Amino acid sequence: RISDLAGTGGDSEGNNPRVKVTVYSSPKGKELYSVSATVAGSTFRALLRPHAAGAVVSIAAECTYGCPPGKAAVTTLSDVLFGDVWFCAGSNNMASHLRYTSTRNDTVASVRDGKYDDVRIFGLESNSNFAQPWSRPSDALEGGTFLSYSASCWYFAESLRDALGPRKSPPLGLIHVSAAQSSIVDWMDDDALAKCKDVPPRGADNPAGYFDARVAPFADAVTVRGFLWYAGEADMAYDAVLGSYARKSGYACLQVEMVRSWRTRFAATPGTTDIQAPFGIVTLHPTGAMGKPADAGTMRWAQTGGYGVLPNPAMRETFQAQAYDLGDLYSGRECYDAGCCGTDTRRWAYSPVAPGNMCHGEGGGDAKCREICESGRCDGYCSSLAGTNFLAGPEQPRTKRAVGERLAGAAAATAYGNGSPITGPTIAGCKKDGNTLVVRFHKALLAGDVVDVRDYKGGMSKMEVLIDPDHFCAQRSRSDPTRCVDDGYGHEIEGGAVDSSKWMTVDISSDASVDTGGQGSGRNEIIADLSSTGGVAHAVRYAWEGSCCSDDEIAPGTECPTASCPVVGRMSNLPANPFIAKITRLGRCECLHPQTCHMFDEHAPHWHDPLAAKGWKFLAVVAGIAALTLGGVRRWRRRAWEDEEEDYELEKLTGEHARFLTEGFAEVAQEDEDDNDERRPYKDDVDVEGETSRLTNGESSSPDAFHEEDEEEDFDVW
């Protein structure tokens, strides 16, 4: 600020001050270069030249003209380190402190040893965090502020440096600006908000939001390498419309537009932040559903814009850290709400660690709390709490290191090109045949990995099928969970109650007939056994509700280990991306737009001869030949058995940018603003061998539950 140099205005004659910024080498103090700063009102800014990562300089700002007498004309910043800056923002879980994580002691030991002295941290004061001036972590630790810093932001930097190694990792700078209880609209400017419908208002206690105060100032001052965003729980609590980017509606649209607006704002000055700077998003963890477990999967889907995976056509150069399997070891609320754990971990010692707990009065509170606390079910929970408390309850899990590790792994591939997988298994399509449902995953996104099903005996497969099509619902009413307010097409289902019991859990397995030898060359599919439903399956979903251990809240004191959902990449250990899809009369998956999952390789070993199965397949071939004869727009051809699983495969993700192209995903057409517009968006259907690419406009379809899929679309897989 000008006030740091020469007051808040010009000289006594009313002239505006002039400021020169000089950069000196450190520690010798040799002048490297000077630039004139741009003065605007009470502030000035200067664009410095690029420096090699690891360069250390000092920077002096000097008022050369228009300085009132009596003011210091020069101010100096010392020990300025050049590297990659990452911008961390969000709500409660990004704000949650390091001291409330179970792995903090290992981090503290490493920081004391100086292991991360090439990292610098900065944070704004908020309703949940103290101000953190730019510091080495070791200095912040000595000053008593380090353990109050954002855990997710710090563990990202720690894990990224460890993943890249000290030789390849640039120095890292972290800027943390989160605010607890904030929703996504609080972080967006008015222009970005105007691009979406079904947008809730900002909170009455913060009508201006945080964009102008906590985002824009850094866009004008810092070049960042990328962004990290961890939020969503407040939006669930406020009952926000989750929507779909295909309809430009709700959270899904807001997430896309927030990413775009931040990038545009930070890249406004040429030569600074890249307009496609990497953007990492943490999806909702189990307790982040805020009492709405039925909509947790839809929220995670909305956090990808409705594509089911990051990156995607609407959000390029983005990446995600799935957190649906990263709930706290003890995520059930009852032990916490009952206040069963005193500071000395004794049972029946009601404790202030549970603010607002449901037990009141002296002598033990009500009978329900007494029963919970005296049962012994909370002993393990209390022991765990004695070691590491919650910041504000199970909604903020203490497992933030795992979040940081997943963010760092994806960033290492997206921003630094280390070639590792950027995401877990992602649905490409499915095929139902009798009592078997085969779900296939995008092979390209696996980056050479193999889809695996871990042993879940005694647990849950998290794979469910719907036995009654009338009970398919994308979002329910918070006040009445049996009422469906979004059928997947943006319409409320009139009349009738939506019953979650119509979703039945089924057993799953990987293709054990193929021995990959750990070389990553095996199948990219899993098999669901439908014998328990008599072969009935109108829809399928995976990891859509609850935690890896339950579809609802965990029983008091029950442990649910992190990362325990069964479907993962065998080598990456990344969990499969949650999905939900209708199953058409032809036995194929149909995801909600803009996500597509109609792609299934007909020539996989299960069905290498498509003409030998059912009569309709023969008719499909006839229809295909007729379409070619009549000069139809679709191309029909049959591939040899040796082609294995290459058709409909996305183009391989490549190193430096981990760029995810749009093949196989729906390009979102500009939707009519009329809420009753039911057109299906465009589909981008690409021949991966590079011979042809065609864009076909989907025909108008009914929003009724389980509209029948055009047969041409299914036969196209041949």
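An account of the accompanying structure is given in this report. (Residues numbered from 1 in each chain as written. Predicted model: local features only at pLDDT ≥ 70, side-chain atom pairs only at ≥ 80, totals over all residues. Heavy atoms only, no water.)

**Considerations on the pattern of salt bridges**
Then step 1. In total, this model carries 17 salt bridges according to the counting rule given.
Then step 2. Across the pair Arg 541 and Glu 545 runs a salt bridge whose closest N-O atoms are separated by 3.2 Å.
Then step 3. In this structure Glu 545 comes out as buried when scored by relative accessible area, which is 7%.
Then step 4. Here the residues in one salt-bridge network are Asp 79, Arg 120 and Arg 136, joined through shared partners. (Salt bridge = Lys/Arg side-chain N within 4 Å of Asp/Glu carboxyl O. Buried < 20%, exposed > 50% of the residue type's maximum accessible area, 1.4 Å probe, protein only.)

**Thoughts on the state of the cysteines**
When the sulfur atoms of two cysteines share a covalent bond, that bond is a disulfide.
Then step 1. Applying the stated criterion across every chain yields a total of 7 disulfides.
Then step 2. Two residues, Cys 88 and Cys 153, share a disulfide whose sulfurs are 2.1 Å apart. Because the sign of the S-S torsion sets the handedness, a value of about 70 degrees for the bond joining Cys 88 and Cys 153 places this disulfide among the right-handed ones. In this pair, Cys 88 sits in strand E7 (residues 84–90) while Cys 153 sits in helix H5 (residues 151–164), placing the two residues 65 residues apart along the sequence. Considered together, Cys 88 and Cys 153 belong to a single accessibility category, that of buried residues.
Then step 3. Each sulfur of the disulfide joining Cys 196 and Cys 253 lies 2.1 Å from the other. On the S-S bond that ties Cys 196 to Cys 253, the torsion sits near -80 degrees, and the link is left-handed. One end of the pair, Cys 196, is in the loop between helix H6 (190–193) and helix H7 (211–219); the other, Cys 253, is in helix H9 (residues 250–266), and 57 residues separate them in sequence.
Then step 4. On the basis of relative accessible area, Cys 253 is assigned to the buried category, the value being 0%. (Disulfide = S-S within 2.5 Å. Helix = DSSP H or I, 4+ residues; strand = E, 2+ residues; numbered from the N terminus.)

**Looking at the sheet that holds strand E14 (residues 427–433)**
Then step 1. Strand order in the open sheet formed by 4 strands is E14-E15-E22-E21, and the pairing between neighbours is antiparallel. This sheet does not close on itself; its edge strands, each paired only once, are E14 and strand E21 (507–510). In this sheet, adjacent strand axes meet at a mean angle of 25 degrees when their direction is disregarded.
Then step 2. Where E21 lies against strand E22 (residues 525–529), 4 bridges are found, and the strand directions are antiparallel. Note on E22: the bridge partner recorded for Asp 507 is Asp 529. (Pairing = 2+ DSSP bridges. Axes fitted to C-alpha atoms, helices over the stretch in contact; angles between N-to-C directions.)

**Notes on the side chain of Arg 104**
Then step 1. Here Arg 104 is to be found in helix H3 (residues 104–112).
Then step 2. Although Arg 104 lies buried, it forms no salt bridge, and the closest oppositely charged side chain, Asp 106, sits 10 Å away as judged by the N-O distance.
Then step 3. In this structure, Arg 104 is in contact with Leu 98, Arg 99, Leu 147, Tyr 155, Gly 387 and Thr 388, ignoring residues within four places of it in sequence. (Lys, Arg positive; Asp, Glu negative; His and termini not counted. Contact = heavy atoms within 4.5 Å.)

**Some remarks on the sheet that holds strand E8 (residues 119–123)**
Either a parallel or an antiparallel arrangement is found when strands of a sheet pair, and the pairing is made through backbone hydrogen bonds.
Then step 1. Spatially, 7 strands are ordered E9-E8-E10-E7-E11-E12-E13 in an open sheet, and the strand pairing comes out mixed. Taken across any chain shown, the strands that pair with only one partner, and hence form the sheet edges, are strand E9 (132–135) and strand E13 (318–321). Shown here is a sheet whose adjacent strand axes are inclined to one another by a mean of 20 degrees, direction ignored.
Then step 2. Looking at chain direction, strand E12 (residues 279–282) and E13 are connected through 4 bridges and run parallel.

**Focus: helix H13 (residues 379–387)**
Then step 1. Among all positions of H13, only Tyr 381, Cys 382 and Leu 385 are buried. One side of H13 holds all its buried residues, which, seen down the axis, span an arc of 95 degrees.
Then step 2. Turning to H13, the residues buried within the fold contact helix H11 (334–338). (Arc of directions from axis to C-beta.)

**Points about the environment of Ser 479**
Then step 1. Along the polypeptide, Ser 479 turns up in the loop between strand E18 (475–476) and strand E19 (484–486).
Then step 2. Separated by 240 residues in the primary sequence, Ser 479 and Asp 239 place their C-alpha atoms 9.2 Å from one another.

**Let's talk about the nonpolar core**
Generally speaking, soluble globular proteins have nonpolar side chains that are buried together.
Then step 1. In this structure, Phe 87, Trp 187, Trp 229 and Trp 262 are the most contacted members of the largest nonpolar core, which totals 46 residues.
Then step 2. Counting only elements with at least two residues in this core, the list comes to E7, H6, H7, strand E11 (226–230), H9, E12 and helix H10 (296–302).
Then step 3. With 9 residues, H9 is the largest single contributor of residues to this core.
Then step 4. Ignoring any residue separated from it by four or fewer positions in sequence, one finds Phe 87 in contact with Ile 175, Val 177, Arg 214, Val 215, Phe 218, Val 224, Gly 226, Phe 227, Leu 228, Trp 262 and Phe 266.
Then step 5. The next biggest cluster of nonpolar side chains, apart from the first, holds 38 residues, and it includes Trp 154, Ala 321, Leu 326 and Ala 410. (Core = buried A, V, L, I, M, F, W, Y, C linked by side-chain atoms within 4.5 Å.)

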